[in-house]
Amino acid sequence: MFKSHFAKKLILLVALLFAVCISLSSSTMTFAQDARPYRIVVVTHGQASDPFWSVVKKGVDQAAIDMRVKVEYQAPSTFDMVAMSQLIDAAVASKPDGLVVSIPDATALGPSIKKAVAAGIPVISINSGYQDGQKLGVLAHIGQTEYEAGLGGGQRMADAGAKNAICVNQEVGNAGLDQRCQGFTDAMTKAGGKVAVLAVDLNDPTGASGKIGAALQADPTIDSILTLGPTGAAPALKVLTDQKLLGKIKLATFDLSPDVLQAISDGNMLFAIDQQQYTQGYLAVVYMTLYLENADTPGNYLVPTGPGFVTKDNAAKVIALSKAGTR
């Protein structure tokens, strides 16, 4: 009797396990069948290895998983508008269902974007290109308005007592970066200060540090520096450290990186202007999927993701989030 009873329990257990396996297998198959049949190509001017653009790509990748679509991220190896336009042309030739682009130079990239629109491929822009996208036929722009972000940075810098600043621009000719410097300059000028734009090549960090250091030596009245990204903030921090000017010259930057956040937390940097780039990558894929599937568009052409400001007051919280790669 005992053996018979045990055997029945064993058979029942095996049957239950088999049912669970069948259920799991069915669920897996259902998920696979539910994958949406869309391929979206993302072409930006920023490499996925860059600390800023790696966060954009993380947002793109997560949205691809959440929306169950195929997404390809592409970028030229350096800031090269000819190479970027060629990447867009190649993407258009591959006939994707949707295209996401950044537009740092509308003159150089406009013809390629227009080809996509003419071919019936919907286009969404992210990060840069807000002022030019609509003219090119872009459905929506996801990002911050760069001039206004620079303006806000200049107001904060002036409020902190800055009078004579340099704006370190690593990509002169990049419309978004030029607008950042212009907004910063206008705000500082209105407050009675002045700004000089300093062009540097961040492919040569030593040379960039040298140019910043030389500018400070040439004009000892410079009391503040704004850089336009984390890669620009690094040589500026090095110069201020080497010349023992930390805390004496105010430093702020656009965008976040672990080093930038730590500098803010330590009191060596005044603030960072945050455009929440993870959101840019994520929402671009979400909105494109919704457009492809349901003809949905945002209520406004601009979907703002910034500017926000990271200061010593909230740096610790943002540092914790940056470790997950989402800030």
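Residues numbered from 1 in each chain as written. Predicted model: local features only at pLDDT ≥ 70, side-chain atom pairs only at ≥ 80, totals over all residues. Heavy atoms only, no water.

Visitor: Describe the overall build of the protein chain, naming the residues involved and giving the relevant values.
Guide: Looking only at helices and strands, the protein chain features 12 helices and 12 strands. In the protein chain, the proportion of contacts linking residues at least 24 apart, taken out of those at least 6 apart, comes to 74%. Here the protein chain displays about 15500 Å² of accessible surface, and carbon together with sulfur accounts for 57% of that area. (Helix = DSSP H or I, 4+ residues; strand = E, 2+ residues; numbered from the N terminus. Contact = heavy atoms within 4.5 Å. Areas by Shrake-Rupley, 256 points an atom, 1.4 Å probe, with all protein chains shown as cover.)

Visitor: So what about the side chain of Gln-277? Which residues, and what values?
Guide: Its place among the elements puts Gln-277 in helix H11 (residues 277-294). If near-sequence neighbours (up to four positions away) are discounted, Gln-277 is found in contact with Phe-52, Val-55, Val-56 and Leu-256.

Visitor: Describe the state of the cysteines, and please don't skip the residues or the numbers.
Guide: All chains considered together, the criterion is met by one disulfide. Note that Cys-167 is cross-linked by a disulfide to Cys-181, the S-S spacing being 2.0 Å. Here Cys-167 and Cys-181 share a disulfide; its torsion about the S-S bond, -90 degrees, makes the bridge left-handed. Of this pair, Cys-167 sits in strand S6 (residues 164-169) while Cys-181 sits in helix H7 (residues 175-190); the two residues are 14 residues apart in sequence, bridging distant segments of the chain. (Disulfide = S-S within 2.5 Å.)

Visitor: Which residues make up the confidence of the model for the protein chain, and what are the values?
Guide: Across the protein chain, the average pLDDT comes to 90, with 90% of residues at or above 70. Low pLDDT (under 50) marks residues 1-32, which in the prediction has one contact with non-local residues, meaning those over four places away or in another chain. (pLDDT = per-residue confidence, 0-100.)

Visitor: Outline the packing of helix H2 (residues 51-67) against H11, listing residues and values.
Guide: Packing of H2 against H11 brings their axes to within 7 Å, and their N-to-C directions diverge by 30 degrees. The chirality of how H2 crosses H11 is right-handed. When H2 is examined against H11, the residues Phe-52, Val-55, Val-56, Lys-58, Gly-59, Val-60, Gln-62, Ala-63, Ala-64, Asp-66 and Met-67 are found in contact with a partner set consisting of Gln-277, Tyr-278, Gly-281, Tyr-282, Val-285, Val-286 and Thr-289. Looking at the contact of H2 with H11 residue by residue, the class counts come to 11 nonpolar, five polar and two charged. (Axes fitted to C-alpha atoms, helices over the stretch in contact; angles between N-to-C directions. Left-handed = near helix turned anticlockwise from the far one by under 90°. Nonpolar A, V, L, I, M, F, W, Y, C, P; charged D, E, K, R; others polar.)

Visitor: For unusual backbone geometry, give the residues involved together with the corresponding values.
Guide: Following Gly-306, the chain continues to Pro-307 via a peptide bond in cis, the omega torsion being 5 degrees. Inspection of the secondary structure assignment puts Pro-307 in the loop between strand S11 (302-304) and strand S12 (308-310). Residue Lys-95 is not a glycine yet carries a positive backbone phi of 60 degrees. By secondary structure assignment, the location of Lys-95 is in the loop between helix H3 (81-93) and strand S3 (98-101). According to the relative accessible area criterion, Lys-95 is exposed, its value standing at 70%. For Asp-255, which is not glycine, the phi dihedral falls at a positive 70 degrees. (Buried < 20%, exposed > 50% of the residue type's maximum accessible area, 1.4 Å probe, protein only.)

Visitor: Explain the pattern of salt bridges residue by residue, including any values.
Guide: Tallying each qualifying case throughout the model produces nine salt bridges. One salt bridge in this structure joins Asp-61 and Lys-57, with 2.8 Å as the shortest N-O distance. Here Asp-61 and its partner Lys-57 are both found in helix H2, four residues apart, which amounts to about one turn of the helix. (Salt bridge = Lys/Arg side-chain N within 4 Å of Asp/Glu carboxyl O.)

Visitor: Just give me the short version of the sheet that holds S3, but keep the residues and values in it.
Guide: Strand order in the open sheet made by the six strands is S2-S1-S3-S4-S5-S11, with parallel pairing throughout. Lying at the two open borders of the sheet, with one neighbouring strand each, are strand S2 (70-74) and S11. When strand polarity is set aside, the average angle formed by the axes of neighbouring strands in this sheet is 20 degrees. Here strand S5 (residues 141-143) pairs with S11 via three bridges, running parallel. By the bridge assignment for S11, His-141 is matched with Leu-302. (Pairing = 2+ DSSP bridges.)

Visitor: If you had to explain the nonpolar core to someone new, which residues and values would you point to?
Guide: One broad rule of soluble globular proteins: the nonpolar side chains tend to lie buried together. With 30 residues, the main nonpolar core has Leu-216, Ile-225 and Met-269 as its most contacted residues. At the level of elements, S6, helix H8 (205-218), helix H9 (230-242), helix H10 (258-265) and helix H12 (315-322) are the ones that each hand at least two residues to this core. Looking at this core element by element, the count peaks at five residues for H9. Residues contacting Met-269, with those up to four places away along its chain left out, are Ala-233, Leu-237, Leu-251, Ala-252, Thr-253, Val-260, Ala-263 and Ile-264. (Core = buried A, V, L, I, M, F, W, Y, C linked by side-chain atoms within 4.5 Å.)

Visitor: Requested: an account of the packing of aromatic side chains, with residues and values cited.
Guide: Enumeration according to the criterion identifies four aromatic pairs in this entry. Considering the side-chain rings of Phe-52 and Trp-53, the 5.2 Å spacing of their centres and the 80 degrees angle between planes classify their relative orientation as edge-to-face. Of the two residues, Phe-52 and Trp-53, neither departs from the other in class, the shared state being buried. Ring geometry for Tyr-130 versus Tyr-301: centroids 5.9 Å apart, planes at 25 degrees, classification stacked. (Phe/Tyr/Trp six-rings, centres within 6.5 Å; stacked < 30°, edge-to-face > 60°.)

Visitor: Describe the pairing of strand S8 (residues 224-227), with residues and values.
Guide: A two-sided burial pattern is seen for S8, the buried positions comprising Ser-224 and Leu-226 on one face and Ile-225 and Thr-227 on the other. Bridge count for S6 against S8 is four bridges, and the pairing is parallel. When the bridges of S8 are listed, Val-168 appears paired with Thr-227. Bridge analysis of S8 against strand S9 (residues 250-254) gives four bridges, and the strand direction is parallel. Residue Thr-227 lies in a different strand from S9, and its bridge partner there is Thr-253. Regarding topology, H9 serves as the crossover connection from S8 to the parallel S9, and that connection is right-handed. (Right-handed = clockwise from strand over helix to strand, strands pointing away.)

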